Amino acid sequence: QYCPAIVANHVDGLLLLNMEESDYDEIGVKSKLHQRRIMVARKKYLARYERKQNGELDEDDDSEYSGSASETPSELLEEEAGSEIESE
């Protein structure tokens with residue numbers, strides 16, 4: 001749905017990982033729920049990347065993140081809410 005706008009705005013992975021909430025409107029992601037989904041996925045990816053950089057994640061563990069997982073957006077939001085509570 002947003003691919004044409006992402007391509008047209010030359011948004012690459014690094015830029016996507018560093019976007020702020022206000023940037024999503026600029027590339028056409030108007031839905032707050034869609035923005036939240038992107039932010040949750042981004043946060044999850046960054047945590048995985050950090051674990052991998054620290055040697056806490058083996059190559060075999062990548063299968064968990066291959067896109068075949070059946071996590072729903074609700075499960076992702078619950079996971080994020082739980083991690084926010086823990087960090088307080």
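Keep in mind the model is a prediction, meaning the values are calculated, not measured.

Rules of the game
- Residues numbered from 1 in each chain as written.
- Predicted model: local features only at pLDDT ≥ 70, side-chain atom pairs only at ≥ 80, totals over all residues.
- Heavy atoms only, no water.
- Helix = DSSP H or I, 4+ residues; strand = E, 2+ residues; numbered from the N terminus.
- Areas by Shrake-Rupley, 256 points an atom, 1.4 Å probe, with all protein chains shown as cover.
- Polar contact = N/O pair within 3.5 Å; in protein donor to acceptor, adjacent residues only side chain to side chain.
- Contact = heavy atoms within 4.5 Å.
- Expected span 1.5 Å × (residues − 1).
- Buried < 20%, exposed > 50% of the residue type's maximum accessible area, 1.4 Å probe, protein only.
- Core = buried A, V, L, I, M, F, W, Y, C linked by side-chain atoms within 4.5 Å.
- Phe/Tyr/Trp six-rings, centres within 6.5 Å; stacked < 30°, edge-to-face > 60°.

**Looking at the overall build of the protein**
Along its length, the protein carries five helices and zero strands. The N-to-C order of helical and strand elements in the protein reads α-α-α-α-α. Carbon and sulfur atoms provide 51% of the accessible area of the protein, an area that totals close to 6,600 Å².

**As for the side chain of Gln35**
As for its position among the elements, Gln35 is in helix α4 (residues 32-53). Looking at Gln35, its side chain comes within polar contact range of the side chain of Asp25, at 3.1 Å. Discounting chain neighbours no more than four positions away, the residues touching Gln35 are Glu21, Tyr24, Asp25, Val29 and Lys30.

**Let's talk about α4**
Its 22 residues give α4 an end-to-end C-alpha distance of 31 Å, which sits within 8% of 32 Å, the value for a rise of 1.5 Å per residue. The set of residues buried in α4 consists of Gln35, Met39, Val40 and Arg48. Gly55 lies just past α4 and shows a positive phi near 80°.

**Overview of the nonpolar core**
Within the largest apolar cluster, seven residues are counted, these being Tyr2, Val11, Met19, Tyr24, Ile27, Val29 and Met39. With residues up to four places along the chain from it excluded, the contact list for Val29 reads Tyr2, Tyr24, His34, Gln35 and Ile38.

**Side note on the packing of aromatic side chains**
This structure, assessed with the given rule, holds one aromatic pair. Ring centres of Tyr45 and Tyr49 lie 6.4 Å apart, and the angle between their planes is 20°; on these two criteria the pair is classed as stacked. Note that Tyr45 and Tyr49 are positioned in helix α4 at a spacing of four residues, about one turn of the helix. Given the relative accessible area of 41%, Tyr49 is considered partly exposed.

**Observations concerning the environment of Ala5**
Following the sequence through the fold, Ala5 ends up in helix α1 (residues 3-8). Given the relative accessible area of 24%, Ala5 is considered partly exposed. Sequence spacing of Ala5 and Gly28 is 23 residues, and the spatial spacing of their C-alpha atoms is 6.6 Å.

**Regarding the environment of His34**
One can find His34 in helix α4. Note: C-alpha distance between His34 and Tyr24 (ten residues apart in sequence) is 9.3 Å. Residues in contact with His34, not counting those within four places in the same chain, are Gln1, Tyr2 and Val29.

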